[in-house]
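Take a look at the letters that make up each chain.
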2 protein chains.
Amino acid sequence: MKLHWSPRSPFVRKVMLSAHELGLADRIERVRTLAAMSQPNAALMRDNPLSKIPTLVLDDGTVIYDSVVICEYLDGIAGGHRLFPADFKRRIDAARRHALGNGFLDLLVLRRNERDRPDGARSEPHLEAFATKTEATLAALEREADSFAAKPFDIGHVAIGCGLAYFDFRFTTDAWRPAHPRLAAWHDTFSARPSAIATKFVDG
Amino acid sequence: MKLHWSPRSPFVRKVMLSAHELGLADRIERVRTLAAMSQPNAALMRDNPLSKIPTLVLDDGTVIYDSVVICEYLDGIAGGHRLFPADFKRRIDAARRHALGNGFLDLLVLRRNERDRPDGARSEPHLEAFATKTEATLAALEREADSFAAKPFDIGHVAIGCGLAYFDFRFTTDAWRPAHPRLAAWHDTFSARPSAIATKFVDG
């Protein structure tokens, strides 16, 4: 199978980190694909009209997106219920943390896009709102860090771990660790996993 | 259960439309909640730090988001596998169409936010990119309209139907129907469902 891929996309990293956890990384052919918000990629749009990565193309031509669906697909072909719990209540809990990690990433991507606009085209109300939501998300994650740290590793951990790693990668001056010690301690254990080490962001 | 709700949010509509399909609408207490991208809502953020709707709060205090997870939760408590197919291949196919509808909505929300910025703060490259992706998404939906129209109604139909309805609601001058006749015909059948009629967008 072929994955539209980038070493800097946090949503791609979620997929590749899951693939490593599931023992599937060797089966994925990575195709370097550029997908910037303001630059539609015509080749990518033949597989995904939204022009977003990750987008997975199976050998029979079936296309799968977004990252949430690709992760669930990989979990399924790896036997099922490894990163997505089978029990309904646990499944919804993992999915909610997955959505929290994804929402944090959506927020950071928008915040970075706004920050990097040319002078004059930048909206201060948006930048302030994004900063407020970032703080609130970090505070919420700190409050529940001990709870999710105690749970078996699942797709929620993948998403929150990649979210914090992306925050470190793109907001290098925001020192979140001192004010969020439990979350920082959990993230250290996440970052030490072979799957996280194998999928580190590459700047460029 | 309590739902942070708005009559103008397409993601909320997806949840309420699903609730109507599943016979659960009467069990949901709707709480009118404002959630604009540039205006964090402190009350909402106590339940969801991302300040986004829909956010569902169960009677025992458990909080569930985003719309994808709430829809799956509602499907589960309604007996399961009604809007989310049980069979793996069909489930992934429905989830991919769900992601396509959601991605279309994300795109339209960003496009509307950009369009409505004050003069000078508007980015023409972003507006052009959003228009290009909108066209590509409509073209892709037209290509697969006959295929998904033939499938039993599932969460993918909910998302694509709400996506097109939101496009009509917020981009009133974009006449997409003449160039996409199969998609338009399918959307007529969607709009005639009691669940769609009960959840129509309300302007204000």
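Owing to the predicted nature of the structure, the values given are computational and were not obtained by experimental measurement.

Enquirer: Give a detailed account of the side chain of Arg96 of chain B, specifying residues and quantitative values.
Expert: Among the structural elements, Arg96 of chain B can be located in helix α4 (residues 88-115). Overall, the relative accessible area of 12% leaves Arg96 of chain B in the buried class. Here Tyr65 of chain A takes part through its side chain, which lies 3.3 Å from a polar atom of the side chain of Arg96 of chain B.

Enquirer: Outline the relation of the copies chain A and chain B, listing residues and values.
Expert: Expressed as a screw transformation, the operator carrying chain A onto chain B has a rotation angle of 180° and an axial translation of 0.0 Å, and the superposed copies differ by an RMSD of 0.0 Å. In short, the pair behaves as if placed about a two-fold rotation axis. Rotation axis and chain A: the residue whose C-alpha lies nearest the axis is Ala121 of chain A, separated from it by 1.9 Å. With an isologous cut-off of 70% or more, the 100% of interface residues of chain A that recur at the interface of chain B puts this contact in the isologous class.

Enquirer: Help me get a handle on the domain arrangement of chain A, residues and values and all.
Expert: Residues and elements named next belong to chain A. Structurally, chain A comprises domain 1 (2-77) and domain 2 (88-197). Here the C-alpha centre of domain 2 lies 21 Å away from the C-alpha centre of domain 1. Taken together, the contacts link 14 residues of domain 1 with 21 residues of domain 2. Taken together, the two surfaces of domain 1 and domain 2 that pack against each other cover about 1400 Å², and 67% of this comes from carbon and sulfur. Linking domain 1 with domain 2 are 2 salt bridges. When the shortest N-O distance is used, the salt bridge between Arg193 and Glu21 registers 2.8 Å.

Enquirer: Got a sec to walk through the sheet that holds strand β3 (residues 55-57) of chain A? Specific residues and values, please.
Expert: Residues and elements named next belong to chain A. Sheet architecture is open: 4 strands sit in the order β2-β1-β3-β4, paired in mixed fashion. Each edge of the sheet is formed by a strand with only one pairing partner; in this case those strands are β2 (29-32) and β4 (63-64). Summarising the sheet, strand β1 (residues 2-5) and β3 pair through 3 bridges and their orientation is antiparallel. Following the sheet pairing, His4 is matched in β3 by Thr55. Sheet strands in contact with helix α1 (residues 10-22) are β1 and β2, and its direction is about 145° off that of β1.

Enquirer: Which residues make up the pairing of strand β1 (residues 2-5) of chain B, and what values do they have?
Expert: All names here are of chain B. With 4 bridges connecting them, β1 and strand β2 (residues 29-32) associate as parallel partners. Across the sheet, the residue bridging to His4 is Val31, located in β2. What joins β1 to β2 is helix α1 (residues 10-22), and the crossover it makes is right-handed.

Enquirer: Would you mind going over a negative patch on the surface in detail, with residue names and values included?
Expert: On the surface, Asp66 and Asp106 of chain A together with Asp66 and Asp106 of chain B cluster together into a patch of negative charge. As for its position among the elements, Asp66 of chain B is in the loop between β4 (63-64) and α3 (67-77).

Enquirer: Could you give me a rundown of unusual backbone geometry, with the residues and numbers involved?
Expert: A cis amide bond, omega 0°, links Ile53 of chain A with the succeeding residue Pro54 of chain A. Residue Asp66 of chain A is bonded to the preceding Tyr65 of chain A through a cis peptide linkage, with omega at -5°. Positive phi is not limited to glycine here, since Ser51 of chain B has a value of about 60°. Along the chain, Ser51 of chain B turns up in the loop between α2 (42-47) and β3 (55-57). Using a relative accessible area of 3% as the deciding quantity, one classes Ser51 of chain B as buried.

What counts and what doesn't
Residues numbered from 1 in each chain as written. Chains lettered and ligands numbered in written order. Predicted model: local features only at pLDDT ≥ 70, side-chain atom pairs only at ≥ 80, totals over all residues. Heavy atoms only, no water. Helix = DSSP H or I, 4+ residues; strand = E, 2+ residues; numbered from the N terminus. Buried < 20%, exposed > 50% of the residue type's maximum accessible area, 1.4 Å probe, protein only. Polar contact = N/O pair within 3.5 Å; in protein donor to acceptor, adjacent residues only side chain to side chain. Least-squares fit on C-alpha atoms with pLDDT ≥ 70 in both. Contact = heavy atoms within 4.5 Å. Domains from an automatic or database assignment. Buried area = accessible area lost by both parts, 1.4 Å probe. Salt bridge = Lys/Arg side-chain N within 4 Å of Asp/Glu carboxyl O. Pairing = 2+ DSSP bridges. Axes fitted to C-alpha atoms, helices over the stretch in contact; angles between N-to-C directions. Right-handed = clockwise from strand over helix to strand, strands pointing away. Patch = residues over 30% accessible without salt bridge, like charges linked within 9 Å, V, L, I, M, F, W, Y side chains within 5 Å. Areas by Shrake-Rupley, 256 points an atom, 1.4 Å probe, with all protein chains shown as cover. Lys, Arg positive; Asp, Glu negative; His and termini not counted. Charge placed at Lys NZ, Arg CZ, Asp CG, Glu CD.

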